[in-house]
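Chain and residue survey
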Amino acid sequence: MQAVDAAERFQHKIDTEIKIEPKDWMPEKYRQTLIRQISQHAHSEIVGMLPEANWISRAPTLKRKAILMAKVQDEAGHGLYLYSAAETLGISRHEMYQQLLSGKAKYSSIFNYPTLTWADMGAIGWLVDGAAIMNQVPLCRTSYGPYARAMVRVCKEESFHQRQGFETLLVLSQGTAEQRAMCQDAINRWWWPSVMMFGPPDDESPNTQQSMQWKIKRFTNDELRQKFVDICAEQVKTLGMTLPDPDLRWNEERNHYDFGAINWNEFWEVLKGNGPCNKQRLDARNKAWDDGAWVREAAAAYAEKQRSGQSEMGSDMPTLNEQKAA
Ligand code: BYC
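Keep in mind the model is a prediction, meaning the values are calculated, not measured. (Residues numbered from 1 in each chain as written. Predicted model: local features only at pLDDT ≥ 70, side-chain atom pairs only at ≥ 80, totals over all residues. Heavy atoms only, no water.)

Topic: the overall build of the chain
When its secondary structure is counted, the chain shows 13 helices and 2 strands. Principal-axis analysis of the C-alpha atoms places the extent of the chain at approximately 80 × 60 × 30 Å. By sequence separation, contacts in the chain at least 24 residues apart represent 75% of the contacts at least 6 residues apart. Split by element, the accessible area of the chain, about 16,900 Å² in all, is 56% carbon and sulfur. (Helix = DSSP H or I, 4+ residues; strand = E, 2+ residues; numbered from the N terminus. Contact = heavy atoms within 4.5 Å. Areas by Shrake-Rupley, 256 points an atom, 1.4 Å probe, with all protein chains shown as cover.)

Next comes the structure, spelled out in structure tokens:
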């Protein structure tokens with residue numbers, strides 16, 4: 001009886017747009033869905049640093065280098081807010097991170113593609129961050145309070161990322177024939193993987209219906225994908241470039257762009273670990289974890305010293321600070 005009351009109160013909060021907070025009662029499946037989505041999102045930010053970090057040392061100017069470094073640092077920050085938001089649901093960051101390192105947890109398919117030229121930094125900013133914003137702005141209104149609040153800052157930063165990407169491509173699009181070709185080539189390679197980022201079509205998305213009822217998701221995968229295509233189909237004209245889709249055309253009746261068939265086979269293969277860079281990405285994250293072992297050990301030893309120093313406060317033993325001062 002009590003559980004029914006709690007479930008009704010929970011659903012009432014959802015229906016009346018009251019945020020669910022960490023100590024509130026929630027269905028176990030709601031908690032698990034959020035842990036899955038938020039941790040996957042955090043992992044995506046952390047893995048997403050790799051393809052861009054690849055270009056920090058080769059950015060064409062000091063200004064471009066500084067901007068790219070700031071962007072990659074932002075992604076690390078996003079990962080940290082998101083791991084913290086997921087921790088409020090009762091899972092530790094360590095456990096989530098081990099799920100990433102072991103290959104058990106998913107992260108966004110998009111980061112399993114290589115970054116071959118400088119123009120890829122522009123295409124990632126415009127298309128990948130553009131798709132991310134489309135998906136993440138509605139998450140600022142998601143029903144779980146800590147996730148929604150984390151997303152506000154994430155979206156502000158993603159917005160800057162998207163603009164810097166577009167501007168990078170705009171400069172290339174006004175450059176030499178070689179630069180224009182590089183720009184078009186990057187758009188060609190990043191377009192379809194970006195369209196796939198929104199997830200499987202609605203009729204093959206096992207989680208969408210329940211997540212919409214719980215207002216974790218505010219739009220379906222296909223709704224967001226369509227909005228993204230509509231916007232990009234217009235923006236690409238400013239670049240004087242094209243999207244690699246011969247079936248892309250405005251549909252008066254639907255008031256939307258029609259677009260060609262998506263290669264879902266490629267998407268599922270990437271999710272299974274068979275994308276061009278899956279192995280490289282996980283190897284890089286595992287190496288960083290192993291190489292960072294001494295930092296974790298040093299931090300733990302320092303924390304232990306502090307703890308034992310404090311526990312001896314009031315005894316005749318000097319505290320850690322007193323020892324340092326001596
Ligand atoms: N890649 O039932 P569905 C970023 C999985 S990074 C991999 O529709 P859901 C950024 C899905 O997890 C972008 N897996 O699921 C960072 C599910 O598998 P499980 C990351 C995908 O959760 C740095 C299965 O397919 N953004 O922003 O209702 C630089 C069935 O899917 C993908 C987020 O994570 C994919 N693309 O909807 C720049 C946003 N798509 O777990 C940018 C938050 C689907 O059942 N997440 N799958 O085994 C979401 O909004 C939702 O989780 C999704 C999927 C729309 C992605």
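Quick notes on the site of the ligand
Not every one of the 31 residues close to the ligand is listed here, only the nearest: K106, Q136, S205, K217 and N221. In this structure, an oxygen atom belonging to the ligand sits 3.3 Å away from a main-chain N or O atom of P206. N207 is positioned with one of its side-chain polar atoms (N or O) 2.9 Å from an oxygen atom of the ligand. When isolated, the ligand has an accessible area of 1,000 Å², and the protein chains bury 91% of it. Where the shell around the ligand is concerned, the elements lending two or more residues are α2 (28–53), α5 (119–136) and α10 (264–274). When residues of the shell around the ligand are assigned to their parent elements, the largest contribution, 6 residues, is made by α2. When grouped by side-chain class, the residues that make up the shell around the ligand number 12 nonpolar, 13 polar and 6 charged. (Near = heavy atom within 4 Å. Polar contact = N/O pair within 3.5 Å; in protein donor to acceptor, adjacent residues only side chain to side chain. Nonpolar A, V, L, I, M, F, W, Y, C, P; charged D, E, K, R; others polar.)

A closer look at unusual backbone geometry
Although it is not a glycine, E17 sits at a positive phi angle of roughly 65°. Within the fold, E17 resides in the loop between α1 (2–15) and α2. Overall, E17 belongs to the partly exposed group, its relative accessible area being 43%. (Buried < 20%, exposed > 50% of the residue type's maximum accessible area, 1.4 Å probe, protein only.)

Section: the environment of Y113
Among the structural elements, Y113 can be located in the loop between α4 (93–101) and α5. Between the C-alpha atoms of Y113 and A123, which are 10 residues apart in sequence, the distance is 12 Å. Contact partners of Y113, with chain neighbours within four places excluded, come to W190, P193, M196, E266, V270, P276, C277 and R281.

Some thoughts on the nonpolar core
Core analysis: the biggest nonpolar cluster contains 76 residues, and Y30, I38, W126, Y144, W191 and F228 have the highest contact counts within it. If you tally residues by element for this core, the top one is α5, at 9 residues. Discounting chain neighbours no more than four positions away, the residues touching Y30 are F10, I14, I20, S143, Y144, W214 and I216. (Core = buried A, V, L, I, M, F, W, Y, C linked by side-chain atoms within 4.5 Å.)

A look at the environment of D247
Within the secondary structure, D247 is located in the loop between α9 (221–239) and β1 (249–251). Setting aside residues no more than four positions away along its own chain, D247 makes contact with D258, F259 and G260.

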